[in-house]
Amino acid sequence: MKVRRGIFLLGLLAVLLLAPEAAHAARINELTESTMGERAVRFFTFQDPSLRNALAGSMLLGICCGLMGAFLVVRKLALMGDALSHAVLPGVALGFLWNMTKDPVAIFIGATVVGLLGAGTVQLIRSTTKHKEDAALGFVLASFFAVGICLFTMIQNLPGGNKSGLDKFMFGQAASLSGGDVMLLAVVTILSLGVIVVFYKEYLLTSFDAGFARAIGLPVKIFHYSLMLMLAFAIVSSLQAVGVVLVSAMLVIPAAAAFLLTDRLGMMLLLSAIFGLCSGGAGAFFSFVGRNLPTGPFMVLAAAGLFAGALFFGPRHGIASRWWRQWSRSARIQRENALKAIYHELESGDFVTEHVALQALAERRRETLEEVRRQVAKLGAHRQASLSADGETVSLTPEGWQRACEIVRNHRLWELYLTNEAQVASDHVHEDAEIIEHVLGEASVLQLEKRLNYARRDPHGKLIPGLNDIRRGHAAVTGTRATGFGSSAS
Amino acid sequence: MNSLFPPFDWHRVVVQPWSEDFALNIWIVVMGFLVAAACGLVGNYLLLRRMALVGDAISHSILPGLVVAFLIFREASTWAMFGGALAAGMVTVALIEFIHKQSRVKPDAAICIAFTVLFAIGVVMMSALESRGSFHIDADCVLYGEIAFVSLEPPVVWNGWELGPPSVLRMAGLFVAAVAAILVFYKELLVTSFDPGLAKSLGMRAGVWHYGLMAALALVVVGAFESVGAILAVAMLIVPPMFAAQLAGRLPGRLLLTVAHAALSTLLGLHLSVWLNCSAAGAMVVAGSLLFVAAWIGTAVRAKLVRIEAAAPQIKHAF
C-alpha cells in the first residue's frame, strides 16, 4: 500500500510539474551572460519559463524512464532499451517528413510505429533464425539506425521545411524542449503510471514467471508488447531531452540502482522512478549552471552517481557493506579465539585464579606480547575482559566468561559429535570444530547436547562447560570450579 | 515525397561513379570494404561468444578514450588515438566485469551502464573542451562519420609512389593484422569461442584471449570510427557475420562470406548513396542489412521447400 501511495504521489507530482506549462508555453529564450552563481540562483527561483520547461521535462522523463527501465532490468531486456532508442530514428525522420515540421505528435507517432517494428523484428529474428538475442538486438539497432541516417541526410538535401534542430535527437538538449514536448512527456508518464498501477499484478507475474502466467491463461505476448509500446512511448518522448544514446542510460541506470536496493518489484518501481526524477533534476541543474552544456550526459552522470552509491553502500548487496560484514565477522572470530585462549589458560590452572598472565597467553597462542596486548585491548573495548592495574594479567568479565564458555562448549560438543556420530577419528576433529564454534547457534547446540545424551567430556577427555557454568558467571568469582554439564546438583 | 526519392537514372547512379567520379569513389569503396571486412572478421568471434553488444559498448566508450588521449598528448595523432581507444576499450570491459561480478546486476544491464556512463563522460569532456575552443570533434562525426572525406585527404607519398589516403592505409594495416591474427591464432580463437571448457582443459587462458579479442575490437572500431562513426561501426561488427552465419555453418566459410558481404555491401551502398544522395556509410549499412534480410528470407524459403519435399511422398501416397 505504501508503494501505491508513492506511485500516486508521483502521478500528482507529474500533474503539478505540468501546471505551469499552461501559463508559460513560451519558447526558450537564449541564456544571457551571467556568472555561475547567478545562474544557480535563477535555477532555484524558477524565473525562466524555458528553464521550467527543461526542468519539468527532465524530471518527467526521469520518472517515465525509471518506471519502464525497472521492467527492462528485471526482464533482462536492458539492451532492448538501447536497441529501440537507436531504432526509432527512421521513425523520427518519417514523422518529420509527414509535414516537414518538427510536429511533436507526428514525430511521436512515426517513432512509436518504427520502434514497435524494431521490437517485432527482434522477436522475428529470434524465432526464425539461429541468431541469439544479442545479435538480433544489434542488428535492429544498427540497421534501423542506418536507415535513419540515410533518411536524415536525404532530408538535409530537401528544399524547404524547418530542418534545424533535428540533430538534437542525437545528443539531446533539455533547453530545447517546447511546451508541447513537455505535455507529451507528462501524458506518457501518467499513462504508463496508470497502466502499471492497474495491471501491476499481471506485469509482476509475466516479468518473473512467464511460464506460470501462461499456464493460468494470461496473454503473456500482449503484456510483453504493451510494455514495448510504453517503452517506445518513453523513449520517443525523451529523445529530445537526452538524445539517442543516453536514453538507454536513463532507462537502465536508475532501475539498476533500485534493483540493488530492494527485492520487491513495487518498491523497485518506486525507487527507480525517484532516482530517475532526481537525476533528471540534477541534469537540468548542471546543464543550466554550466552554460550550454548538454543535459543528457549530466543526467546520466547523476544517475551513475546514484548507482555507484547503491553499488557500494547498499545495505544488503553493497560492496562496502559486504566488506564491513566480512571485516566485523573476522574481528569477532579473533576476539572469540582470544577469549577461548583465556579460558584454556584458566582451565589449565584448574580455575583457581581468575587472572591470566599475558605472558602465558602469548605462549599459548604462539604470538608476541604486543599482539596479545592488542587483542586484550579489543576485548576490553567490548567489555569482555579487563586488564589488571599493572597491565600484566587479564581477567574475564561476566559477559566475556559467558562467551568464552559458549565457544569452548561449541567446540567440544562438535568434536564429540564428529567422533561419536560421524565416526571421525578424534585427532581429526579439531580443525573442523575451530571453524564451526563461531557459527553454531544456541538452538543447534541444545540439539547437539540432546543427541549426545548430555555427555560431559569431549573426545580428548576435557570437560564440556555446561549451561550452569555459563549462567553462574566466572568460576573463580563464585569460588567454585567449572565442572561441566550435569553438575547442577553441586 | 517525390523529391525525397530521386528518379533512378542509370547513367548517374551506375556509370558515373566509375567513370567521371572514379578518383573520388575508389577510395570510399576501398575504405568501406576495409572497415566492413576488418570489423566483420572480429565480429564473427563476438557473435560466437554472444557478445555482439559488447561491440556496441566499446564503440561508444572509445569516445572518452579519444578525448583523454588528446588531453594527454595535446595532439590528434594516430598513435595517441589508438592508445586512447585501446585503453578505453579495456576500461569498458573491466567495468562491465566489475559491475557484473560485484553486484547482482545482470550482464546486459552491466554493459548498458558501463558504456553509457563512459559515453556521457566523453560527451561532457568534449563539450567542455569545445567551449574553450581548444578541441573539436564533430558531434555528427561521432555518430555517423564521414566516409566521403576519405578521398579528400592528402595522399601518403612514399618514394614517389602515391599510396593513398592515410586513413585508408591505417585501415588496410588493421585489416591485414586482423587476417594475420586469425590465421596465426585460428585454433585458439576457435576453441575459446566455441568451447571454453575444452579451452581450459587444454591449458588456454580464457581471460587472455578474451581481453585480446577486446583489444582487437577496440583497434578496428577506432579505425572505423572516423569514417563510419560509433554506431555504424556496430553495424559493421554485427551485420556481415550475421549474414555469413545465415549461409554457412562452419567458421572458415563464415569468415570468407563475411569478407564477401563486406565487398558486396560496400559496392551496393555506394550506388545507393549516389542514387538517394545520402550518407555513404549509412547506405552501406542499409545495403548490408538488405543482404542479410535476403539471406534470411532465402534460408527460410529453402527450409520450407525442404520440408515440403520431405512431405511429398506421403502426399502422393495419400492420393
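Residues numbered from 1 in each chain as written. Chains lettered and ligands numbered in written order. Predicted model: local features only at pLDDT ≥ 70, side-chain atom pairs only at ≥ 80, totals over all residues. Heavy atoms only, no water.

Turning to the overall build of chain B, a few remarks are in order. Helices and strands together make up the secondary structure of chain B, namely 12 helices and two strands. Secondary structure elements of chain B occur, N-terminal to C-terminal, as α-α-α-α-α-α-β-β-α-α-α-α-α-α. Relative to its length of 319 residues, chain B is compact, with a C-alpha radius of gyration of 22 Å against a globular reference of 20 Å. Referenced to the eigenvectors of the C-alpha coordinate spread, the extents of chain B come out at roughly 85 × 60 × 45 Å. Expressed as a percentage of its 319 residues, the buried residues of chain B come to 52%. Counted over contacts in chain B with a minimum sequence separation of 6, partners at least 24 positions apart contribute 72%. Carbon and sulfur atoms form 70% of the exposed surface of chain B, whose accessible area is close to 14400 Å². The centroid of the 18 positive side-chain charges in chain B is displaced by 18 Å from the centroid of its 17 negative side-chain charges. (Helix = DSSP H or I, 4+ residues; strand = E, 2+ residues; numbered from the N terminus. Rg over C-alpha atoms; globule rule 2.2 N^0.38 Å. Buried < 20%, exposed > 50% of the residue type's maximum accessible area, 1.4 Å probe, protein only. Contact = heavy atoms within 4.5 Å. Areas by Shrake-Rupley, 256 points an atom, 1.4 Å probe, with all protein chains shown as cover. Lys, Arg positive; Asp, Glu negative; His and termini not counted. Charge placed at Lys NZ, Arg CZ, Asp CG, Glu CD.)

If you look at the interface, chain A gives 60 residues, while chain B gives 57 residues. The junction of chain A with chain B conceals about 5100 Å² of combined surface from both sides, 80% of it contributed by carbon and sulfur atoms. Along the contact surface separating chain A from chain B lie one salt bridge. Here chain A is connected to chain B by 13 residue pairs in polar contact (both at pLDDT 80 or more). The element best represented in the side of chain A that touches chain B is helix α7 (residues 133-156) of chain A, accounting for 18 residues. (Buried area = accessible area lost by both parts, 1.4 Å probe. Salt bridge = Lys/Arg side-chain N within 4 Å of Asp/Glu carboxyl O. Polar contact = N/O pair within 3.5 Å; in protein donor to acceptor, adjacent residues only side chain to side chain.)

Pairing between sheet strands relies on hydrogen bonds along the backbone, with the strands arranged either parallel or antiparallel. Residues and elements named next belong to chain A. A sheet is described by the order of its strands in space; here three strands give the open sequence β1-β3-β2, paired in antiparallel fashion. Two strands close off the open sheet at either side, each with one partner strand: β1 (356-357) and β2 (385-387). Taken together, the two bridges between β1 and strand β3 (residues 393-396) define a ladder with antiparallel strand orientation. The residue bridging Ala357 from the neighbouring strand is Thr393, located in β3. (Pairing = 2+ DSSP bridges.)

Residues and elements named next belong to chain A. Enumeration according to the criterion identifies 15 salt bridges over all chains in this entry. The partner of Arg126 in a salt bridge is Glu133, with the nearest N and O atoms 3.2 Å apart. On the accessibility criterion, Arg126 (38% relative accessible area) is partly exposed. Residue Glu442 is joined to Arg409 by a salt bridge in which the shortest nitrogen-to-oxygen separation is 4.0 Å. With Glu442 in helix α21 (residues 442-451) and Arg409 in helix α19 (residues 398-420), this pair connects stretches of sequence that are 33 residues apart. Accessibility expressed as a relative area gives 40% for Glu442, which makes it partly exposed.

In this section: the nonpolar core. Core analysis: the biggest nonpolar cluster contains 203 residues, and Phe307 of chain A together with Val105 of chain B have the highest contact counts within it. Per-element tally for this core: the top contributor is helix α10 (residues 206-247) of chain B, with 22 residues. Among residues more than four places away in sequence, those in contact with Phe307 of chain A are Ile253, Ala256, Ala257 and Leu260 of chain A together with Ile99, Val105 and Ile113 of chain B. (Core = buried A, V, L, I, M, F, W, Y, C linked by side-chain atoms within 4.5 Å.)

What follows covers empty space enclosed by the protein. Within the structure shown, the criterion is met by four cavities of 30 Å³ or more. For the largest cavity, the calculated volume is near 80 Å³. The wall of the largest cavity is formed by Lys102, Asp103, Pro104, Ile107, Phe108, Phe169, Asp181, Leu184, Val236, Ser237 and Gln240 of chain A. Looking at the lining of the largest cavity, the elements with two or more residues in it are α6 (104-128), α9 (179-198) and α12 (220-242) of chain A. The computed volume of the second largest cavity comes to approximately 50 Å³. Looking at the second largest cavity, the residues that line it are Ala36, Ala235, Met236, Val239, Pro240, His261, Ser265, Met284, Val285, Gly288 and Ser289 of chain B. Mapped by element, the contributors of at least two residues to the lining of the second largest cavity are α10, α11 (251-276) and α12 (280-318) of chain B. Tallied by class, the residues present in the lining of the second largest cavity amount to seven nonpolar, four polar and no charged. (1 Å grid on protein atoms, 1.4 Å probe; cavity = no way out; pocket = protein on both sides within 12 Å on 5 of 7 lines; lining within 4 Å. Points joined across faces, edges and corners; volume = space filled by probe spheres on them. Nonpolar A, V, L, I, M, F, W, Y, C, P; charged D, E, K, R; others polar.)

Further remarks concern the side chain of Arg412 of chain A. All names here are of chain A. By the secondary structure assignment, Arg412 is in helix α19. A distance of 2.8 Å separates a polar atom in the side chain of Arg412 from a polar atom in the side chain of Glu347. Discounting residues that sit within four places of it in the chain, Arg412 has contacts with Tyr343, His344, Glu347, Asp458, Pro459, Lys462, Leu463, Ile464 and Pro465.

Residues and elements named next belong to chain B. Closest axis-to-axis distance for the helix α7 (residues 166-184)/helix α8 (residues 186-194) pair is 4 Å, and the angle between their directions is 80°. With respect to α8, the element α7 is oriented roughly perpendicular. Contact with α7, carried on its side by Ala181, Ile182, Leu183 and Val184, involves Tyr186, Glu188 and Leu189 of α8 and no other residues of that element. By residue class, the composition of the contact of α7 with α8 is six nonpolar, no polar and one charged. (Axes fitted to C-alpha atoms, helices over the stretch in contact; angles between N-to-C directions. Parallel < 35°, antiparallel > 145°, perpendicular 65-115°, else oblique.)

Moving on, we come to unusual backbone geometry. The phi dihedral of Arg366 of chain A is positive, around 50°, even though this residue is not glycine. Assignment of secondary structure puts Arg366 of chain A in the loop between α17 (358-365) and α18 (369-381). The phi dihedral of Asn277 of chain B is positive, around 55°, even though this residue is not glycine. Note on placement: Asn277 of chain B falls in the loop between α11 and α12.

Let us now look at helix α4 (residues 78-87) of chain A. Among the 10 residues in α4 of chain A, 10 count as buried, and that is most of the element. Taken residue by residue, α4 of chain A has Ala78, Leu79, Met80, Gly81, Asp82, Ala83, Leu84, Ser85, His86 and Ala87 of chain A as its buried positions.

Another aspect to go through is the packing of helix α15 (residues 295-313) of chain A against helix α5 (residues 107-131) of chain B. Where α15 of chain A meets α5 of chain B, the axes come as close as 9 Å, and the angle between the chain directions of the two elements is 135°. Judged by the inter-axis angle, α15 of chain A sits oblique to α5 of chain B. Considering how the two elements wind past one another, α15 of chain A and α5 of chain B form a crossing that is left-handed. Here α15 of chain A contributes Pro297, Phe298, Val300, Leu301, Ala304 and Phe307 of chain A to the contact with α5 of chain B, which in turn contributes Ile113, Thr116, Val117, Ala120, Ile121, Val123 and Val124 of chain B. (Left-handed = near helix turned anticlockwise from the far one by under 90°.)

What follows deals with α21 of chain A. All names here are of chain A. For α21, the complete set of buried residues consists of Val445, Leu448 and Glu449. Each buried residue of α21 sits inside an arc of 100° when the element is viewed along its axis, so together they form one side. Exposed residues on α21 whose side chains face more than 90 degrees from its buried face are Ala443, Gln447, Lys450 and Arg451. Buried residues along α21 sit against α19. Positive backbone phi, approximately 55°, marks Asn453, located one or two places after α21. (Arc of directions from axis to C-beta.)

For the rest of this paragraph, the subject is the pairing of strand β2 (residues 161-164) of chain B. All names here are of chain B. Two elements, strand β1 (residues 156-158) and β2, share three bridges in a ladder whose sense is antiparallel. Within β2, the position partnered with Val156 by the bridge is Gly164. The antiparallel hairpin formed by β1 and β2 contains two residues in its connecting segment, where Asn159 sits at a positive phi of about 55°.

Moving on, we get to the confidence of the model for chain B. Residue and element names in this part refer to chain B. Counting all residues, the mean pLDDT for chain B is 84, and 92% of those residues have values of 70 or more. The secondary-structure element of chain B with the lowest mean pLDDT is helix α6 (residues 139-144), recorded at 60, while α11 shows the highest, at 91. Here the prediction assigns the complex a pTM of 0.81, and the interface score ipTM is 0.88. (pLDDT = per-residue confidence, 0-100.)

Bringing the pairing of β3 of chain A into the picture now. Residues and elements named next belong to chain A. Sheet topology note: the β2/β3 ladder contains three bridges and is antiparallel. By the bridge assignment for β3, Leu387 is matched with Val394. In sequence, β2 turns back onto β3 through a hairpin of five residues, with Gly391 there showing a positive phi of about 75°.

Moving on, we get to the environment of Leu246 of chain A. Here Leu246 of chain A is to be found in helix α13 (residues 244-261). Accessibility expressed as a relative area gives 2% for Leu246 of chain A, which makes it buried. Through-space distance from the C-alpha of Leu246 of chain A to that of Met170 of chain A is 9.0 Å; in sequence the pair is 76 residues apart. If near-sequence neighbours (up to four positions away) are discounted, Leu246 of chain A is found in contact with Gly296, Pro297 and Val300 of chain A together with Thr116, Phe119 and Ala120 of chain B.

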